[in-house]
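Each chain is listed here by its residues.
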Amino acid sequence: MKDRIILKVSNLRKSFQENAGKLVVLDKVDLNVKAGEKIAITGESGSGKSTLLHLMGALDEADEGEILVSGEKITPKRKNIDKFRNKKIGFIFQFHYLLSDFTAEENVAMPQFIATKNLKKSLREARKLLKILDILSRKHHYPNQLSGGEQQRVAVARALINNPKIIFADEPTGNLDAKHSEELLKYIIKLNETRNQTFVIVTHDERIAKRMDQHYKLKDGILIKRS
């Protein structure tokens, strides 16, 4: 259902201890994301955008608050959290983190192969996604044989392979030029429209934020919805 809440963040707080004292990065952050929504979170460098994303993806532990994905409470200490992330959450980072010794299709297939141990099926699903992202012809190429834009599209396909409930993207166009940034954004919008894929994108690029369904800004630890 379109109106179903897929991500619920309540009263989230995160701080770091520094020599000068405690630095509060996130202060009582609340956020609801519906299934099929694409939202952007912007903010100045160092505002805590990536920290928030890592907390929502259970890659880091909050000081206070609660995070629910598909109605299930998640924390890094939850039992089998790695399996939950692999099945329910997709990640796209600024740096693609592709495995250099594996081809494009093998990189995409890896999360599903880890979950199912079925290599044939995983490669078949990988090729389907590479086709959707118009990069199937490069399936046998290694990361160093791909352009930056192609590498990031492979990373997007990898994030989608297990049909996650939600994808968290941390500056996904940060290392791309304007042309490739626009291409990647078009694919994200296409995936949202055709697969009803939910996206939460952290970005410094206001152009991306304007094309999302919802736009939030993080400032002084407070998450504010933009009109």
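Caption draft 1: Expanded view of the packing of helix α5 (residues 148–160) against helix α6 (residues 178–195). Where α5 contacts α6, the axes come no closer than 10 Å and their chain directions differ by 20°. One finds that α5 runs roughly parallel with respect to α6. Note that α5 runs across α6; the crossing there is right-handed. Of the residues in α6, those touching α5 at Gly-149, Gln-152, Arg-153, Val-156 and Leu-160 are His-180, Glu-183, Leu-184, Tyr-187, Leu-191 and Arg-195. Residue composition of the contact of α5 with α6, grouped by class: five nonpolar, three polar and three charged.

Caption draft 2: Representation of the nonpolar core. Formed by 34 residues in total, the largest nonpolar core has its most connected members in Ile-92, Val-108, Leu-133, Val-154, Val-156 and Phe-199. Of all the elements in the fold, those that place two or more residues in this core are α3 (104–116), α4 (119–132), α5, β7 (166–170), α6, β8 (199–202) and α7 (206–209). The residues touching Val-156, leaving out its near neighbours within four places in the chain, are Ile-92, Leu-133, Leu-184 and Leu-191. Counting residues in hydrophobic clusters, the runner-up holds 31 residues, among them Leu-53, Met-56, Ile-89 and Val-202.

Caption draft 3: Region of the structure containing α5. Its 13 residues place the ends of α5 19 Å apart at the C-alpha level, agreeing with the 18 Å of an ideal helix rising 1.5 Å per residue. The buried fraction of α5 is high, at 12 of 13 residues. Those residues of α5 that sit buried are Gly-149, Glu-150, Gln-151, Gln-152, Arg-153, Val-154, Ala-155, Val-156, Ala-157, Arg-158, Ala-159 and Leu-160. Packing partners of the buried residues in α5 comprise β6 (89–92), α3, α4, β7 and α6.

Caption draft 4: Spotlight on the environment of Lys-73. The residue Lys-73 is located in strand β5 (residues 72–73) in this model. Not counting residues up to four positions away in its chain, the partners in contact with Lys-73 are Glu-66, Ile-67, Leu-68 and Arg-78.

Caption draft 5: The pattern of salt bridges, seen in detail. Scanning all chains against the criterion turns up 10 salt bridges. Here Glu-105 and Arg-127 are joined by a salt bridge, their closest N and O atoms 3.1 Å apart. Note that Glu-105 is positioned in helix α3 and Arg-127 in helix α4, a separation of 22 residues in sequence. Residue classification places Glu-105 among the buried residues on the basis of a relative accessible area of 7%. For Arg-127, a relative accessible area of 31% puts it in the partly exposed group. In this structure, Glu-182 engages Arg-211 in a salt bridge whose closest nitrogen and oxygen atoms are separated by 2.9 Å.

Definitions and limits used
- Residues numbered from 1 in each chain as written.
- Predicted model: local features only at pLDDT ≥ 70, side-chain atom pairs only at ≥ 80, totals over all residues.
- Heavy atoms only, no water.
- Axes fitted to C-alpha atoms, helices over the stretch in contact; angles between N-to-C directions.
- Helix = DSSP H or I, 4+ residues; strand = E, 2+ residues; numbered from the N terminus.
- Parallel < 35°, antiparallel > 145°, perpendicular 65-115°, else oblique.
- Left-handed = near helix turned anticlockwise from the far one by under 90°.
- Contact = heavy atoms within 4.5 Å.
- Nonpolar A, V, L, I, M, F, W, Y, C, P; charged D, E, K, R; others polar.
- Core = buried A, V, L, I, M, F, W, Y, C linked by side-chain atoms within 4.5 Å.
- Buried < 20%, exposed > 50% of the residue type's maximum accessible area, 1.4 Å probe, protein only.
- Expected span 1.5 Å × (residues − 1).
- Salt bridge = Lys/Arg side-chain N within 4 Å of Asp/Glu carboxyl O.

Treat this as a map of the structure, not an account of what it does.
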